[in-house]
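Coordinates in review
Spelled out, the chains give:
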Amino acid sequence: MDDEEIKYFVRIRNTDLDGTKAVHIALTGIKGIGPHTSRTITALADVDPRAVLGKLDDESVERIANAVDTYTEQVPDWMVNRPKDVYTGELRHLLGADLSMMNDDDVNRMRKMRSYRGIRHETGQKARGQRTKSTGRTGTTVGVKRKKD
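The text that follows walks through the structure, step by step, so that each part is easy to find. (Residues numbered from 1 in each chain as written. Predicted model: local features only at pLDDT ≥ 70, side-chain atom pairs only at ≥ 80, totals over all residues. Heavy atoms only, no water.)

Judged by nonpolar contacts, the single largest core of 24 residues is most densely connected at I12, V23, L27, I41, L53, L56 and I64. When residues of this core are traced back to their parent elements, those giving at least two are β1 (9-12), α1 (23-26), α2 (35-45) and α3 (58-69). Take this core: its biggest share by element is 5 residues, from α3. When sequence neighbours within four positions are dropped, the list of residues in contact with I41 reads L27, I33, I64, A67, V68 and Y71. (Core = buried A, V, L, I, M, F, W, Y, C linked by side-chain atoms within 4.5 Å. Buried < 20%, exposed > 50% of the residue type's maximum accessible area, 1.4 Å probe, protein only. Helix = DSSP H or I, 4+ residues; strand = E, 2+ residues; numbered from the N terminus. Contact = heavy atoms within 4.5 Å.)

Below you can see the structure in the form of structure tokens.
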């Protein structure tokens, strides 16, 4: 293929991916797919990870899209991003809007049951045990407050 025939946007899983980048880099544009997952997907699709995505033929792009859709069934349990779904108890690998929606549902569930993490999310504070004395400050207060002489 010539440089004129490059596709600048390749649509996979309702996401426009940059066709000028390498396949393993472009796949990270889908929310829920990181560098390791993208390498695994290219291996499953039998595509060169360093090839430019926009120069691939339609059959290779279709193989990549198919590998993304069937990722959960083809990888070990520890490689999915939601190993035990709260509602169904099954393995799932969430991508795109599903990932954002499920994350919001999880936070709302924690808020509803009034768990410690839910309350921290509600008040906009750190929820994972970080220190908050000096970092993570919000609001207009700046500097150190000193006693008056």
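Next up on the list: the pairing of β1. On a regular strand, each side chain points to the face opposite its neighbour's, so the side chains alternate between the two faces of the sheet. Going residue by residue along β1, you find V10 and I12 tucked away on one face and F9 and R11 left uncovered on the opposite face. With 4 bridges connecting them, β1 and strand β2 (residues 15-18) associate as antiparallel partners. Across the sheet, V10 pairs through a bridge with L17, a residue of β2. Hairpin connection, β1 to β2: the antiparallel pair is bridged by 2 residues, and R13 has positive phi, about 55 degrees. (Pairing = 2+ DSSP bridges.)

Bringing α3 into the picture now. The terminal C-alpha atoms of α3 lie 16 Å apart, and with 12 residues this matches the ideal 16 Å at 1.5 Å per residue to within 8%. Inspection of α3 places S60, V61, I64, A65, A67 and V68 among the buried residues, and these make up the whole buried set. Down the axis of α3, the sector holding all buried residues measures 160 degrees, keeping them to one side. Opposite the buried face of α3, at more than 90 degrees from it, the exposed residues are D58 and E62. Taken together, the buried residues of α3 touch β1, α1, α2 and α4 (71-74). (Expected span 1.5 Å × (residues − 1). Arc of directions from axis to C-beta.)

Moving on to unusual backbone geometry. Its identity is not glycine, yet R13 carries a phi of approximately 55 degrees, on the positive side. Mapping R13 onto the fold places it in the loop between β1 and β2. A positive phi is found at N14, a non-glycine position, where the angle reads about 60 degrees. The residue N14 is located in the loop between β1 and β2 in this model.

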